[in-house]
Amino acid sequence: QVQLVESGGGLVQAGGSLRLSCAASGRTFGDYGMGWFRQAPGKEREFVAGVNWSGGSTSYADSVKGRFTISRDNAKNTVYLAMNSLKPEDTAVYYCAADRSPAFYRGAVPPDYWGQGTQVTVSS
């Protein structure tokens, strides 16, 4: 079992930055690929970014490439999402997720575990 708790969401103006954090419980954090997803009102949940178990490989949705950076600290059981040059269309609830599948960090398979989500609102 893995429990995930996100933090760091909030209200920011367009062009601004935020950093989301996701703290994971359990002693096997390093066994899991980690990812961030988001869901805007009236839209389906979508993959944003993923990182493999070691942090050595990352993957991003085209809409956030060059603006968002995912990273992890296995010693702290935490994964981060640094978001820069934010746009109003980035407004959504952001969810942290975890899965053991090697393909998960590319967004290729659905995760086994989800966090509760944190709201990000970007004003124009």
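Before reading further, recall that the structure is shown in the block above.
Procedures and definitions
- Residues numbered from 1 in each chain as written.
- Predicted model: local features only at pLDDT ≥ 70, side-chain atom pairs only at ≥ 80, totals over all residues.
- Heavy atoms only, no water.
- Salt bridge = Lys/Arg side-chain N within 4 Å of Asp/Glu carboxyl O.
- Buried < 20%, exposed > 50% of the residue type's maximum accessible area, 1.4 Å probe, protein only.
- Helix = DSSP H or I, 4+ residues; strand = E, 2+ residues; numbered from the N terminus.
- Pairing = 2+ DSSP bridges.

### Brief notes about the pattern of salt bridges
For side chains bearing opposite charge, pairing can occur when the charged atoms are close.
Consideration 1: This structure, assessed with the given rule, holds 5 salt bridges.
Consideration 2: Among the ionic pairs, arginine 38 bridges to glutamate 46, the shortest N-O distance being 2.7 Å.
Consideration 3: One salt bridge connects aspartate 62 with lysine 65, and the closest N-O pair in it is separated by 3.2 Å. Across this residue pair, the class does not change: aspartate 62 and lysine 65 are exposed.

### So, the pairing of strand S4 (residues 33-39)
Consideration 1: Among the 7 residues that make up S4, 6 are buried, leaving the element largely enclosed by the rest of the structure.
Consideration 2: As paired elements, S4 and strand S9 (residues 92-99) share 7 bridges and run antiparallel to each other. Residue pairing for S9: glutamine 39 is matched across the bridge by valine 93.
Consideration 3: Sheet topology places S4 next to strand S5 (residues 46-51); 5 bridges connect them, and they run antiparallel.

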